[in-house]
Amino acid sequence: MEEIDEEVLQLFIEESREHLNGIEDDLLAMEAMETLDAELVNRVFRALHTIKGGAGFFDFNKLRDLAHAMENVVPYITI
């Protein structure tokens, strides 16, 4: 792997943390709902997709694969 730009890496880490916090909040909100909110499901999917893309950019293959697997589960979320 080529040398990683430290500033870009730090931005990826910050952004990923924000996405993970959002995913956690959205999943907890979904758990408390009586009916599924499609917007929350889409927001979780988009956050995972963004993390997957960044992980792929940095060749963080295990993280990329985990985000991809989680992305594949999201369509099956039901209340």
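S.K.: Explain the pattern of salt bridges to me, please; I cannot follow it from the model alone.
M.R.: Opposite charge on two side chains permits them to pair, given that their charged atoms come into close proximity. Enumeration according to the criterion identifies four salt bridges in this entry. The closest approach of N and O atoms between R43 and D26, which form a salt bridge, is 2.9 Å. With R43 in helix α2 (residues 38-57) and D26 in helix α1 (residues 6-32), the pair connects residues that are 17 residues apart, well separated along the chain. Judged by relative accessible area, which is 37%, R43 ranks as partly exposed. Since its relative accessible area comes to 9%, D26 is described here as buried. Between R64 and D65 there is a salt bridge whose closest N-O contact spans 2.9 Å.

Rules used in this analysis
- Residues numbered from 1 in each chain as written.
- Predicted model: local features only at pLDDT ≥ 70, side-chain atom pairs only at ≥ 80, totals over all residues.
- Heavy atoms only, no water.
- Salt bridge = Lys/Arg side-chain N within 4 Å of Asp/Glu carboxyl O.
- Helix = DSSP H or I, 4+ residues; strand = E, 2+ residues; numbered from the N terminus.
- Buried < 20%, exposed > 50% of the residue type's maximum accessible area, 1.4 Å probe, protein only.

Everything listed here is a matter of coordinates, which is why it stays silent on function.
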